[in-house]
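The lines below spell out each chain.
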Amino acid sequence: MATEGKQPESDLLRNRAGTARDRDPAAPLDELELVEAIARNVRVLRQQTGLSVGETAERVGISKAMLSKIENAQTACSLATLSRLAVGLDVPVTSLLRGAESERPASYVASGTGASIVRAGSKEGHLYELVGSLRGEHKRLESLLVTLTASSGTFPMFQHPGTEFLYMLDGVMDYAHGRSVYRMSPGDSLQLDGEGAHGPVELVELPIRFLSVIAFPDSAV
């Protein structure tokens, strides 16, 4: 039975394709990257062979519990264990380290330093501040902090490929998507298909601030 005020564990969202582990604050982050890379590569290579964790552990010559910890990035491999894994999986040791040296992109923007941009249909008193953008081989993510300080007789309606997520920070507004209109108050969120016409239709309480995160598909990059 869940404790009052605490969300039941079964209801929590989890990315089951990823890993999580506790880290000693004094431990260097590059060591964690190495452990994560080995975990990912061992898991992928084992799955490609069609072997279970137990079958692979027996082939490698380590315990099933140890292999499970390695695949979940819960322990660091010794050189001897790394060599055994390479032999058991019939790959060079370098294959188990692949990706450890790759720099993973991130976008950090300090408060108040986001680039102001003008979107099609922008009005006076409508500020769009770019607070994050990641572009990769297969996707693009764009984050905007939108501030509305003045009402207007007309409002822009946007359409774009991909999915958009809105999170209301301050104020109250009515936001339309297609034929539906949603009353948005602080703490409310809305996820929508960007192909449908969307935008604010009434600014109920000013000033209004909300976060807009757009995930564009491959074809839009």
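Residues numbered from 1 in each chain as written. Predicted model: local features only at pLDDT ≥ 70, side-chain atom pairs only at ≥ 80, totals over all residues. Heavy atoms only, no water.

A. Up close: the environment of S95. Here S95 lies in helix 5 (residues 93–96). Linking S95 and A37, residues 58 residues apart in sequence, is a C-alpha distance of 9.9 Å. (Helix = DSSP H or I, 4+ residues; strand = E, 2+ residues; numbered from the N terminus.)

B. Fine view of the confidence of the model for the protein. Looking at the protein as a whole, its pLDDT mean stands at 79, while 73% of the residues score no less than 70. When pLDDT is averaged over each helix and strand of the protein, the minimum, 66, is found for strand 1 (residues 115–117) and the maximum, 93, for helix 2 (residues 53–60). Predicted confidence is poor over residues 1–11, with pLDDT under 50, and the contacts of this stretch with residues over four places away or in other chains come to 3 contacts. (pLDDT = per-residue confidence, 0-100. Contact = heavy atoms within 4.5 Å.)

C. Representation of the pattern of salt bridges within the structure. Overall, the coordinates contain 3 salt bridges when judged by the stated rule. Here D170 ties to R209 by a salt bridge, and the two come within 2.8 Å at their closest N and O atoms. Pair noted here: D170 is in strand 4 (residues 163–177) and R209 is in strand 7 (residues 198–216), with a separation of 39 residues, a long-range link. According to the relative accessible area criterion, D170 is partly exposed, its value standing at 32%. Note that R183 and D174 form a salt bridge whose closest N and O atoms lie 2.4 Å from each other. (Salt bridge = Lys/Arg side-chain N within 4 Å of Asp/Glu carboxyl O. Buried < 20%, exposed > 50% of the residue type's maximum accessible area, 1.4 Å probe, protein only.)

D. Just the pairing of strand 6 (residues 189–193), in detail. Across the two faces of strand 6 the burial differs, with L190 and L192 buried and S189, Q191 and D193 not buried at all. In this sheet, strand 6 lies alongside strand 4 in antiparallel orientation, the contact comprising 5 bridges. Residue pairing for strand 6: E164 is matched across the bridge by L192. (Pairing = 2+ DSSP bridges.)

E. The arrangement of helix 2 in detail. Buried within helix 2 we find V53, T56, A57 and V60. Considered in projection along helix 2, the buried side chains sweep an arc of 100° and stay on one side of the axis. G61 sits one or two positions beyond helix 2 and adopts a positive phi of about 95°. (Arc of directions from axis to C-beta.)

F. Fine view of unusual backbone geometry. The omega angle of the peptide bond from L206 to P207 is -5°, so this bond is cis rather than trans. Assignment of secondary structure puts P207 in strand 7. Residue D90 is not a glycine yet carries a positive backbone phi of 60°. Within the secondary structure, D90 sits in the loop between helix 4 (79–89) and helix 5.

G. Seen up close, the pairing of strand 7. Where strand 3 (residues 140–148) meets strand 7, 9 bridges bridge the pair, whose relative direction is antiparallel. Across the sheet, R140 pairs through a bridge with F216, a residue of strand 7. Two strands pair when backbone bridges link them, and strand 4 and strand 7 are joined in this way by 13 bridges, in the antiparallel orientation. The residue of strand 7 that forms the bridge with E164 is I214.

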